[in-house]
Amino acid sequence: MESLIIPTWQLSFLCGILTWIAVSSMLHLNRFIRSLTQPWVSSYVTSGNPVIIQIQKYQHKLLDAFFIGLSSVVSVPFYTGFLPLLFWSGHGKLARQMTFLMAFCDYMGNCIKDVVSAPRPNSPLVRRLTVTKDEKENAMEYGFPSSHTLNTVCLSGYLLHYVLSYNENSDASFQLAAFACVCLFVGLIGSGRTYLGMHSVIDIIGGLVIGLTILKFWLCVHEHVDSFVISDQNVTFFCVALSFLLLFAYPAPELPTPSFEFHTAFIGVALGIVTGVQQTYDHFHHEHVARVFTPELPIAAFGGRILVGIPTILLVKFCSKALAKWILPITANALGISIRSSGYVPALIDTSIVKESNKVKQSNGHLQKLLFLSNQESFDVDTGIRLVQYAGLAWSVVDLVPSIFSQLNL
C-alpha cells in the first residue's frame, strides 16, 4: 500500500509545473517564443523546397510503398500496438521504459511543434503522399521538428542501449554492426519523410538534434524513473496529478492541430501503465517472469496470449470510453465546470447551448477559476475522455490481461 506522506520533491515538482503554467500564461511566453522561432524556421522550410523537389525526381512506385510502409512502422499507432506484445513477452522493464520514453518524446516533440507553429513543405509545389489515415492526420500537424525522426532516434537508440547492456560480453564487431543498423534506420526514416513531402530538411535536422538531446537525458534518468515506478512512494497520486497538470501546461498552437490529442492519448497510456504496474509488479512484471522463446513461455503460449490479449484490451478501450463519456460530464456539472465536446458527446457539441446552461452555474465556477488559472469559458470534455480511455487500455495491458493469462495458464 502506498504511503500517505507525500515526499517534498514531489510537491515541489508539481508546484513548479503549476507555477510555470501561471507565469507562462501571464507573460504570454508561448507567443514570444513563436515570434522568435517561427520566421526563422519558416524561411528554411521555404528555401528547402527545391531540395525536396530534386529528391522527388527519383520517385517510383516501389519507393513510394517502401517509405510509406517504413513511416507506418515508426508511427505512434504502431508503437501503441507493439508495446503490449513487449509486456506480454516478459520484457517488462524494457516495455515500461519504451512506453515512458515514447510518452516523453511525444509530449516534447508536439510541444515544440505547436510553440513554433512552422508550416510543412508547400504542397502542391512538392508532392505529399498521405495514403494512410495516420499520415493524413500527421499532415494536419505543424512540421518542426519531425516527430518520426525524433521518436526513431530516441526509441531505436534506447533499444540499442538495452541490447548492448543485456549482452555485456558482446564483441566490438557486434556493437559496431548494431550501431550502424540504427544509424541506417534513422537515415532511412529521415530521407523517407522528405521523399514523401511531409518534412523539410530543417524539420529532419531538428528532429535529429532534439531526439539525441532527449535520448542523452533519458539515459541519465531511466533507472531512477523505473525504480520510482515500481516503488510505493505515492506513485499513483503523483502520476495522476502530473498527467492532469501536463494537459494544462501544453502550449496553445497558432491554429488547432491533432498534436494535443496524440499527447493526451499517450499520457493516458503512461498513466495506465504506472497504475497497473503498481498493483501487479510482484506478480507479473518483475525481472524473473517467463520470457518468450524460453521453455517457460514457448512461442505457442505467446501466440495464445496475443489471441486472448488483443481483443480484451480493445474491449476495455471501448468500455472505458463509454464509461468516461457518462461519468465525466456528470462530474464536471457537479463541480460547476463549464464543458463542451468536440465530437464525443453529441449533447455538448453545440457550444451555444452549453454557454446558456452554464450561466445558471456561474456561482459554482470558483473551482474552475481557482484550479485552471484560465480565461476559457469552457473546457473540452473529450480531452478527459481520451485520457481515461487510453489509461484504461494501458491498465488492462499490465493488470487485467496478465491476470487472465494466469487463470488460463498462458
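Anything mentioned here points back to the structure above.
Cut-offs and rules
Residues numbered from 1 in each chain as written. Predicted model: local features only at pLDDT ≥ 70, side-chain atom pairs only at ≥ 80, totals over all residues. Heavy atoms only, no water. Helix = DSSP H or I, 4+ residues; strand = E, 2+ residues; numbered from the N terminus. Rg over C-alpha atoms; globule rule 2.2 N^0.38 Å. Buried < 20%, exposed > 50% of the residue type's maximum accessible area, 1.4 Å probe, protein only. Expected span 1.5 Å × (residues − 1). Bend = angle between axes of the 7 residues up to and from the residue. Contact = heavy atoms within 4.5 Å. Disulfide = S-S within 2.5 Å. Core = buried A, V, L, I, M, F, W, Y, C linked by side-chain atoms within 4.5 Å. Salt bridge = Lys/Arg side-chain N within 4 Å of Asp/Glu carboxyl O. Patch = residues over 30% accessible without salt bridge, like charges linked within 9 Å, V, L, I, M, F, W, Y side chains within 5 Å. Areas by Shrake-Rupley, 256 points an atom, 1.4 Å probe, with all protein chains shown as cover.

Asker: Any details on the overall build of the protein chain? Residues and values, ideally.
Answerer: Counting its regular elements, the protein chain contains 16 helices and two strands. Taken against the 2.2 N^0.38 rule, which gives 22 Å for 410 residues, the C-alpha radius of gyration of the protein chain at 22 Å falls within 12% of a compact globule. Expressed as lengths along the three principal axes of its C-alpha atoms, the size of the protein chain is roughly 70 × 60 × 40 Å. Within the span of the protein chain, comprising 410 residues, buried residues form 48% of the whole.

Asker: Please give an account of helix 2 (residues 29-47) that cites residues and values.
Answerer: With 19 residues, helix 2 extends 28 Å between its outermost C-alpha atoms, agreeing within 8% with the 27 Å of an ideal straight helix rising 1.5 Å per residue. The sharpest bend along helix 2 comes to roughly 30°, located at Thr37, with the proline Pro39 sitting one to four residues further on. All buried positions along helix 2 are accounted for by Asn30, Arg34, Gln38, Val41, Ser42 and Val45. Its buried side turned inward, helix 2 meets helix 3 (49-55), helix 6 (92-116) and helix 10 (201-229).

Asker: Report on the side chain of Thr264, specifying residues and quantitative values.
Answerer: Inspection of the secondary structure assignment puts Thr264 in helix 12 (residues 259-285). When near neighbours in sequence (up to four residues on either side) are disregarded, Thr264 contacts Leu247, Thr383, Arg386 and Leu387.

Asker: How would you summarise unusual backbone geometry if you had to cite specific residues and measurements?
Answerer: Between Phe144 and the following residue, Pro145, the backbone shows a cis peptide bond with an omega angle of -5°. Among the structural elements, Pro145 can be located in the loop between helix 7 (133-138) and helix 8 (147-166). For Ser117, which is not glycine, the phi dihedral falls at a positive 55°. Along the polypeptide, Ser117 turns up in the loop between helix 6 and helix 7. On the basis of relative accessible area, Ser117 is assigned to the buried category, the value being 2%.

Asker: Account for the state of the cysteines, with residues named and values stated.
Answerer: Within the structure shown, the criterion is met by zero disulfides. Between Cys220, a free cysteine, and Cys154, which holds the nearest cysteine sulfur, the sulfur-to-sulfur gap is 13 Å.

Asker: Kindly report on the nonpolar core, identifying the contributing residues and their values.
Answerer: Generally speaking, nonpolar side chains in soluble globular proteins are found buried as a group. Within the largest apolar cluster, 71 residues are counted, with the highest numbers of intra-cluster contacts made by Trp88, Leu101 and Ile273. Excluding anything up to four places from it in sequence, Ile273 contacts Phe87, Thr99, Phe100, Ala394 and Val398. Of all hydrophobic cores here, the second largest spans ten residues; its members include Ala324, Ile337, Tyr344 and Val381.

Asker: Describe the pattern of salt bridges, naming the residues involved and giving the relevant values.
Answerer: In total, this model carries four salt bridges according to the counting rule given. Residue Asp226 pairs with Arg96 through a salt bridge whose shortest N-O separation is 2.8 Å. Of the two residues, Asp226 sits in helix 10 while Arg96 sits in helix 6, which places them 130 residues apart along the sequence. Exposure class is identical for Asp226 and Arg96. Each is buried.

Asker: Any details on a nonpolar patch on the surface? Residues and values, ideally.
Answerer: Residues Val51, Ile55, Val201, Ile205, Leu208, Val209 and Leu212 make up a contiguous nonpolar surface patch of roughly 530 Å² in combined accessible area. Residue assignment for the nonpolar patch shows that the elements contributing at least two residues are helix 3 and helix 10. Top element by residues in the nonpolar patch is helix 10. It accounts for five residues. The topology assignment puts Val51 in helix 3. Note on Val51: relative accessible area 38%, which makes it partly exposed.

By themselves, these figures tell us nothing about what the structure is for.
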